[in-house]
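A look at the structure
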Amino acid sequence: MRTKKRAVAMLLAGGQGSRLGVLTKKVAKPAVPFGGKYRIIDFPLSNCVNSGIDTVGVLTQYMPLDLNTYIGNGVPWDLDRNDGGVAVLPPYMQGEDGTWYKGTANAIYQNMHFIERYDPEYVVILSGDHIYKMDYAKMIKYHEKNNAACTIACLNVTLEEASRFGILNTNDDNSVYEFEEKPKKPKSTKASMGVYVFTWQKLKKYLEEDEADPKSSNDFGKNILPNMLNAGERLFAYEFADYWKDVGTLQSLWEANMELLGEDSPIRLSDSSWKIYARNPNEPPHYASDTAVILNSMVSEGTVINGTVENSVISYGVTVEEGAVIKDSVILPNTYIGKNSKITYSIIGQEVHVGDDVTIGAPLDESEANDEVTPGKLTGYLAVVGDELKVGNGKSVQAGEMLSRNR
């Protein structure tokens, strides 16, 4: 007999991530490498473990193989449990009615059997494409204190940004009286983070009703939350004041990597009090030769640096040959950078081979760049090379270009 759980987390990790272009051609967005030695999904999984949640369902759909293999039995996150732990939950056929996940709410509906095995008081709904550290236990206590049916984590954004998010309009006690999905004229700047705590029996009721509605989009923001508000349920906003980044675009992924650098970094990966766990390959220590220059950069295990690396994030297994210069860039795992190549304002995918004398991205000489080139705020200057590609000797990839085939 399974132990009743106080809370079960359901992590939505099935998104295609089309805005990440060639980086998600072969992998799901939550499996994209980040910060030299992590994957994006490591953050919500680590948050669960650090918050005392030991039962997590990971809902996969698009290109699931790499993500399934990465999660495995959950050992790196201490989620290899006999009672609970992590479970990968793909869409499956049930009788004649099995379908792909039709929306975020339908994805949870299709996996209600997993939740019911543990008969939880609360269900925490998470997204697999955000970089942040958050104690979900504190949010659950807040939810309990307010006797809420649903609690929604929110972040205060600027009024200009608010129209890009689901916006919570609240009373003085933070109770929600209206939820607007990407409003043209926002009344509030409390943006939903896509992190929800539901009282399970309430959520179950609304999921069943939503599934029975043929007109529904089966989405939490468009359907479940408005339906709960219309029915007079108690919904509360939980304000989050720390670092949070949606890395659903190439620019935001680049920016989030760059924000790891420097003494004033808004998110510390070395913080032992809230460790981010990951499944890392067994790599030797990184090596920097006597020709190497490394400035304000993160360099992971298994790298060989013979060239210059400045203000960049270098993933495990990368080789940078003598004379090569990498600046303001993110190099994903097991990539080779040839001699005298110049890479600036770029994201280079996994297992890429960059030949000698290659130029990728914006000009190294800042005097050649216009005023739009500002660290942390890219325009058309971000160059991207897809996974497993080869860029031949002397070739170039222009600023603003996304390379999807060998050159």
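So, here is what we can say about the structure in this document.

Calculation notes
- Residues numbered from 1 in each chain as written.
- Predicted model: local features only at pLDDT ≥ 70, side-chain atom pairs only at ≥ 80, totals over all residues.
- Heavy atoms only, no water.
- Helix = DSSP H or I, 4+ residues; strand = E, 2+ residues; numbered from the N terminus.
- Rg over C-alpha atoms; globule rule 2.2 N^0.38 Å.
- Buried < 20%, exposed > 50% of the residue type's maximum accessible area, 1.4 Å probe, protein only.
- Contact = heavy atoms within 4.5 Å.
- Lys, Arg positive; Asp, Glu negative; His and termini not counted.
- Charge placed at Lys NZ, Arg CZ, Asp CG, Glu CD.
- Pairing = 2+ DSSP bridges.
- Axes fitted to C-alpha atoms, helices over the stretch in contact; angles between N-to-C directions.
- Parallel < 35°, antiparallel > 145°, perpendicular 65-115°, else oblique.
- Left-handed = near helix turned anticlockwise from the far one by under 90°.
- Nonpolar A, V, L, I, M, F, W, Y, C, P; charged D, E, K, R; others polar.
- Salt bridge = Lys/Arg side-chain N within 4 Å of Asp/Glu carboxyl O.
- Phe/Tyr/Trp six-rings, centres within 6.5 Å; stacked < 30°, edge-to-face > 60°.
- Disulfide = S-S within 2.5 Å.
- Polar contact = N/O pair within 3.5 Å; in protein donor to acceptor, adjacent residues only side chain to side chain.

What the protein contains, in helices and strands, is eight helices and 31 strands. At 22 Å, the protein has a C-alpha radius of gyration in line with the 22 Å of a compact globule built from 407 residues. By its C-alpha atoms, the protein is 65 × 50 × 45 Å across when sized along the principal axes. When the 407 residues of the protein are sorted by exposure, 55% land in the buried category. Considering only contacts within the protein whose residues lie at least 6 apart along the sequence, 59% involve residues at least 24 apart. Taken as two groups, the 41 positive and 54 negative side-chain charges of the protein have centres that lie 4 Å from each other.

Attention now goes to the pairing of strand 12 (residues 235-239). With four of five residues buried, strand 12 is to be regarded as a mostly interior element. Relative to strand 12, strand 8 (residues 150-156) runs parallel, the two being bridged by five bridges. When the sheet's bridge partners are listed, C150 is paired in strand 12 with L235.

Where helix 6 (residues 200-211) meets helix 7 (residues 220-230), the closest approach of the two axes is 10 Å, and the angle between their N-to-C directions is 120°. Here helix 7 runs oblique to helix 6, going by the angle between their axes. Crossing angle aside, the handedness with which helix 6 passes helix 7 is right-handed. Within the contact between the two elements, helix 6 uses L203, Y206, L207 and D210 and helix 7 uses F220, N223, I224, N227 and M228. Across the contact of helix 6 with helix 7, the residue classes break down as six nonpolar, two polar and one charged.

One pass over the structure, following the stated rule, counts 18 salt bridges. K4 serves as the salt-bridge partner of D119, at 3.3 Å between the closest nitrogen and oxygen. Linking D119 in the loop between helix 4 (112-116) and strand 6 (122-127) with K4 in the segment before strand 1 (7-12), this pair joins segments that are 115 residues apart in sequence. One salt bridge in this structure joins E259 and K245, with 3.4 Å as the shortest N-O distance. Taken as a pair, E259 in the loop between helix 8 (250-258) and strand 14 (287-288) and K245 in strand 13 (residues 244-246) lie far apart in primary sequence, 14 residues in all. Owing to a relative accessible area of 26%, E259 belongs among the partly exposed residues under this scheme. Exposure remark for K245: the relative accessible area of 15% places this residue in the buried category.

Another aspect to go through is the sheet that holds strand 25 (residues 346-348). Read across the sheet, six strands follow the order 16-19-22-25-28-31 without closing on themselves; strand pairing throughout is parallel. Unpaired on one side and paired on the other, strand 16 (298-299) and strand 31 (402-403) mark the two borders of the sheet. Sheet analysis places strand 25 next to strand 28 (residues 383-385), joined by three bridges and oriented parallel. Across the sheet, the residue bridging to I348 is V385, located in strand 28. Of the strands in this sheet, strand 19 (313-314), strand 22 (330-331), strand 25, strand 28 and strand 31 are in contact with helix 8, which crosses strand 25 at around 95°.

A word on the packing of aromatic side chains. What the rule picks out here adds up to 12 aromatic pairs. Here Y132 and F240 contribute two aromatic rings whose centre-to-centre distance is 6.4 Å and whose plane-to-plane angle is 85°, an arrangement assigned as edge-to-face. In this pair, Y132 is assigned in strand 7 (residues 130-132) and F240 in the loop between strand 12 and strand 13, connecting sequence segments 108 residues apart. Pair check on accessibility: Y132 and F240 agree, each one buried.

Now for helix 7. Since the α-helix packs 3.6 residues into each turn, any two residues three or four apart lie on the same face. Those residues of helix 7 that fall on the buried side of the exposure criterion are F220, G221, N223, I224, L225, M228 and L229. One or two steps after helix 7, the chain reaches G232, where phi turns positive at roughly 85°.

Turning to its location among the elements, S252 is positioned in helix 8. Among the residues examined, S252 registers a relative accessible area of 10% and is labelled buried. Leaving out residues up to four positions away in the same chain, S252 has contacts with K245, D246 and V247.

What follows concerns the environment of E161. With respect to the secondary-structure elements, E161 resides in the loop between strand 8 and strand 9 (166-170). In this structure the C-alpha to C-alpha distance between E161 and K182, which are 21 residues apart in sequence, comes to 9.7 Å.

Glancing now at the state of the cysteines. This structure, assessed with the given rule, holds zero disulfides. Considering cysteine sulfurs only, C154 is the nearest to C150, which forms no disulfide, with 12 Å between them. The exposure class of C150 is buried, given its relative accessible area of 0%. We classify C154 as buried; its relative accessible area is 1%.

A sheet is described by the order of its strands in space; here six strands give the open sequence 14-17-20-23-26-29, paired in parallel fashion. The sheet is open, and its two borders are formed by strand 14 and strand 29 (390-391), each paired with just one other strand. Bridge analysis of strand 23 (residues 336-337) against strand 26 (residues 353-354) gives two bridges, and the strand direction is parallel. Residue pairing across strands places I337 opposite V354, the latter belonging to strand 26.

Take the environment of T291 next. In this structure, T291 sits in the loop between strand 14 and strand 15 (293-295). Looking at T291, the relative accessible area reads 32%, which means it is partly exposed. When residues no more than four places from it in sequence are discounted, the contact partners of T291 are N306, G307 and E322. A distance of 2.9 Å separates the side chain of T291 from the side chain of S289, its partner in a polar contact.

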